[in-house]
Every structure is written in C-alpha cells, then in structure tokens.
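# Coordinate inspection notes
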Amino acid sequence: MTIALSILIVILLLYIIYARRKTKQDIDEFAESIINRDFSKKYPRFQSIADAFLNLAAEKEAQQHYLKEMLELVDTGILAYDVETHESLWMNDSFTTLLNIPHIKNINWLKKQNENLFNELLDIPVNKSTLITIHARKQTIKTMTNASVFQTGGKTYKLIAFHNVSATMEEVESGAWKGLLNVMTHEIMNSIVPVSSLSDTLRRKIHTLKENVSQPSTTDLKDMELAMDTIHRRSEGLLRFAETYRNLSQKIVPDMKSYNLYDLLSSVHSLMNPSLQQKGIAFTLKTNAPEVTAFMDRDLIEQVIINFITNATYATSEKENPQIHLFSGFDSEGHPYITVADNGRGIPDSIRDKIFIPFFSTKKNGNGIGLSISREIVKLHNGKLHVQSQEKEGSAFTILFSP
C-alpha cells in the first residue's frame, strides 16, 4: 500500500511538473504569437484573448485603410517624415502630383533634384500657416502649408499639409487688378479726352492765325504750334495706352473652332520671319505631331503667340547667335501644346512670380500688359500657361490646351 501511494505521488509530481512546463511553453508561444501577430495556432485556454487581439487588429487595420483612402481622396498634399533620418512615413498621391515626383522612401532624394525645395520643407515652421512658393512641374506653385510634430515608436516625425492656392490667388489677384484698371481707365479717359480735343482745336486755331496775321510773331506761333502738336501726339498716345489697358478688364468671348496647330504656327512663322531675319535672329518651326488640333479662337491665340515672339526678340537682342523656336505637338499626358522658346537672357528667379502682373515690365519702354492679357486669353480657352526659364540660358512659354 505504501509503495503504491509513493508511486502515485511521484506520478502526480511528474504530471504537475509537466503541466507547469507545458503551461509555461504555451504562454511563451502565445506571447510570441502576439508579438509576431500570428494567431494561426490555436490555444484553447487563451482563445478568448486571441480573439480579442484579432478583433483589435482587424479594427486597427480597417481604421488604417479608411484613413489611407481618405487621405488619398483629398486634394491636399500630405507628407510625414522622420526629422532625424528624413525617412518618409507617409505621403499621399496629391503630394507626389503637386511636386511631380514618385513616392520616395527618404526625402533626401529631393536634395539632389531640387535643393531649394528640400530646404524649404525642412524650414517650414510648426503650428503656423505659411505661404511658400514651389518651383516644380515646370511651373511656379503657391501653397499654404501647415506643419506639426508628433512622436511614435520612440521617433519624432514632422507632418506637413500642402494646399495649392495658386488658382485662388490668381483669381483674387486678377479681380483686384481688373477693378483697379476700370478705375484708372475711367479717370484717364475723363482727363485725356478733353485735353486731346482742346489741343487739336488750339492747333487748328493757331494755324488759322498764322495764315491771317501778318505781324512778326511767326516764330512764337510756330513754337506754340509745335507745343500743341506735341501735346496732341502725347494725348493720342495716352488714349491708345488707356484703350490697351481697358482690354484687360473687358469680357472677351472667344470664337472656338478646331484648328491645326502646325498650320497655325506656319502662318505666324511666315508673318514674323522677314522682320526677324532683318534682326539676324534664327527662327525655326518644328512639331512632333503635324496632325494635332485644338479648339481655340485663332485670332486670340495668334495674338498670344506673337506677343511671346515679341518678348523673345527683346530677350535675344544681346545674344551673339539669337534663336527663337516654335514647337507644337502632344505632351506626355495627351495635351495639345504650343511652345515659343528662345536662347535669350532668361527670367531671374526673383521676378519670375511677377511677370504676369499688370504694369510690371523689365523692358525700358514696356507697359507690362502683354503677358497679363496672354494669361487671360489662355484661361478663356480652359488651358494652362507654363513658363520655363533659366537666367542667361533662355525661356520657353508653353500653352497647354484641353485634350
């Protein structure tokens, strides 16, 4: 009896030791499965805990998926990166589209592509709305940025939101300038019309007195007549000036028809080539798609192209081998385009944002109205106007039409 009891006790002890080891092993394996998020193996004693973890994981994954889809749908560019390593934690499609870059693992990639943009990203202040200008996608983009810093997993990240406000600012700017132009035109016209009329009347009256009066005051009368002629000429010039500016504030309704872009450029080339040859400027015409067409008001687009060529002529005036080139075709996204390029002095970065502002001009006798009207005409065609320029290397103005 004693021997049997001893054997039973030993068996019980062995079973207890085995059960403890098995329980410890199960707990270790279950803990490891939690760490690795692998619940393929079943643990009956811990199944309720496993189910809870699975439910939490599923909810978290659903929330992440929902957040990802929501961030991809918004038109605000979003970037999150590690402030120490510059590794990208997140960037949505709107951000990559805004900067015309692929999804990158580390924003140090930008340093080689666009160092100024890279430095601007690092310098964006936290918890403060900031307007920055981005030179990307062959154009200048104004964005309103907001940034914040957060920590997770022992790392510090910077989250930046980019909202493209270029179109909004252009509309506000255009509306403000149009209002100012209406006021200026009204005041100038009210002042110059009577001055022009009076000066012309005086000129004719002096001419009559000069013929009928025989007194020796001819010199004085000629001086007066010359002065009146000068006043009249200047008044007429100011009237034309005011009329030109008024064109910017008038509503233009384009007569839209389909035209072949290469034929259009050929016509402009024939018109402008003789005068450019006299100035010693090489003037070429090329296309990568002779059949491409676009809907436009031909007269208005011709006006824009001629304005670009006129600007290019001025820009190449000090070049030893001046060149102006016309291009037409399709871009990579299927948009019909027209480009006027030159190898002139280029546009400095400091004034590139100002060239479409009315009254602004770098020409000695320029009135700063040509590019403003050109941009308005392109907008009327639901097109886009892109500018590429490098100082001392040249510029290219491109009109992108709707596909």
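Check the entry above for the structure.
The following refers to the structure shown. (Residues numbered from 1 in each chain as written. Predicted model: local features only at pLDDT ≥ 70, side-chain atom pairs only at ≥ 80, totals over all residues. Heavy atoms only, no water.)

### Considering the overall build of the chain
Counting secondary structure elements, the chain contains 10 helices and 12 strands. Going through the 403 residues of the chain one by one, you find that 35% of them count as buried. Within the chain, contacts between residues separated by at least 24 positions form 59% of all contacts whose residues are at least 6 apart in sequence. For the chain, the exposed surface amounts to about 24,900 Å²; the carbon and sulfur share of it is 55%. (Helix = DSSP H or I, 4+ residues; strand = E, 2+ residues; numbered from the N terminus. Buried < 20%, exposed > 50% of the residue type's maximum accessible area, 1.4 Å probe, protein only. Contact = heavy atoms within 4.5 Å. Areas by Shrake-Rupley, 256 points an atom, 1.4 Å probe, with all protein chains shown as cover.)

### Description of the environment of histidine 381
Note that histidine 381 resides in the loop between helix H10 (370–380) and strand S11 (384–390). In this view, histidine 381 contacts Pro254, Met256, Phe295, Met296, Asp297, Leu300, Ile301 and Ser402; residues no more than four positions away in its chain are not counted. Reaching out from histidine 381, the side chain makes a polar contact with the backbone nitrogen of aspartate 297 at a distance of 2.9 Å. (Polar contact = N/O pair within 3.5 Å; in protein donor to acceptor, adjacent residues only side chain to side chain.)

### Some details on the sheet that holds strand S9 (residues 323–330)
Spatially, 5 strands are ordered S7-S9-S10-S12-S11 in an open sheet, and the strand pairing comes out mixed. Two strands close off the open sheet at either side, each with one partner strand: strand S7 (282–287) and S11. Ignoring strand direction, the axes of neighbouring strands in this sheet form an average angle of 15°. The sheet contact formed by S9 and strand S10 (residues 336–342) spans 7 bridges and is antiparallel. Bridge pairing links glycine 329 to tyrosine 337 in S10. Where helix H8 (residues 261–278) meets the sheet, it contacts S7, S9 and S10, and its direction lies at approximately 175° from that of S7. Lying on the sheet, helix H9 (residues 298–315) is in contact with S7, S9, S10, S11 and strand S12 (394–400); it crosses S10 at an angle near 20°. (Pairing = 2+ DSSP bridges. Axes fitted to C-alpha atoms, helices over the stretch in contact; angles between N-to-C directions.)

### Comments concerning the packing of aromatic side chains
The full count for this structure, using the stated rule, is 3 aromatic pairs. Taken together, a centroid distance of 5.3 Å and an interplanar angle of 45° make the contact between phenylalanine 95 and phenylalanine 162 tilted. Of this pair, phenylalanine 95 sits in helix H3 (residues 93–99) while phenylalanine 162 sits in strand S5 (residues 155–164); the two residues are 67 residues apart in sequence, bridging distant segments of the chain. Both residues of the pair, phenylalanine 95 and phenylalanine 162, belong to the buried class. The residue whose ring lies beneath arginine 345 is tyrosine 314, and the NZ or CZ to ring-centre distance is 4.8 Å. (Phe/Tyr/Trp six-rings, centres within 6.5 Å; stacked < 30°, edge-to-face > 60°. Lys NZ or Arg CZ within 6 Å of the ring centre and 35° of its normal.)

### Comments concerning unusual backbone geometry
One non-glycine residue, asparagine 127, lies in positive phi territory at about 60°. Locating asparagine 127 in the fold gives a position in the loop between helix H5 (115–123) and strand S3 (130–136). Notably, asparagine 382 is not glycine yet its phi reads approximately 55°, a positive angle. Looking at the secondary structure, you find asparagine 382 in the loop between H10 and S11.

### Brief notes about a nonpolar patch on the surface
On the surface, Ile3, Ile7 and Ile11 cluster together to form a nonpolar patch covering roughly 310 Å² of accessible area. You can see isoleucine 11 is positioned in helix H1 (residues 2–36). Judged by relative accessible area, which is 48%, isoleucine 11 ranks as partly exposed. (Patch = residues over 30% accessible without salt bridge, like charges linked within 9 Å, V, L, I, M, F, W, Y side chains within 5 Å. Salt bridge = Lys/Arg side-chain N within 4 Å of Asp/Glu carboxyl O.)

### A closer look at the nonpolar core
Residues Ile305 and Ile309 are the most contacted members of the largest nonpolar core, which totals 36 residues. Counting residues per element, the ones that place at least two in this core are H8, strand S8 (293–296), H9, S9, S10, H10, S11 and S12. In terms of residues, this core owes the most to one element, H9, which gives 7 residues. If we ignore the near neighbours within four places in the chain, the residues touching isoleucine 309 are Val268, Met272, Leu276, Phe283, Ile324, Leu326 and Val340. Leu79, Ile124, Ile132 and Ala147 belong to the second-largest nonpolar core, a separate cluster that totals 20 residues. (Core = buried A, V, L, I, M, F, W, Y, C linked by side-chain atoms within 4.5 Å.)

### A look at the pairing of S9
Here S7 pairs with S9 via 6 bridges, running parallel. Counted as the bridge partner of alanine 282 is glutamine 323 from S9. Hairpin connection of S9 to S10: 5 residues between the antiparallel strands, including glycine 334 at a positive phi of 85°.

### Description of the environment of aspartate 342
In this structure, aspartate 342 sits in strand S10. Taking C-alpha positions, aspartate 342 is 7.8 Å from alanine 315, a pair spaced 27 residues apart along the chain. Apart from the residues within four sequence positions on either side, aspartate 342 is in contact with Ala312, Ala315, Thr316, Gln323, Ile324, Glu393, Gly394 and Ser395. Here the side chain of aspartate 342 touches glycine 344 through a polar contact of 2.7 Å, landing on its backbone nitrogen.

### With respect to H9
With 18 residues, H9 extends 25 Å between its outermost C-alpha atoms, agreeing within 8% with the 26 Å of an ideal straight helix rising 1.5 Å per residue. Of all the positions in H9, only Leu300, Ile301, Glu302, Val304, Ile305, Asn307, Phe308, Ile309, Asn311, Ala312, Thr313 and Ala315 are classed as buried. (Expected span 1.5 Å × (residues − 1).)

So, to be careful, I would describe these as geometric facts and stop short of saying anything about function.
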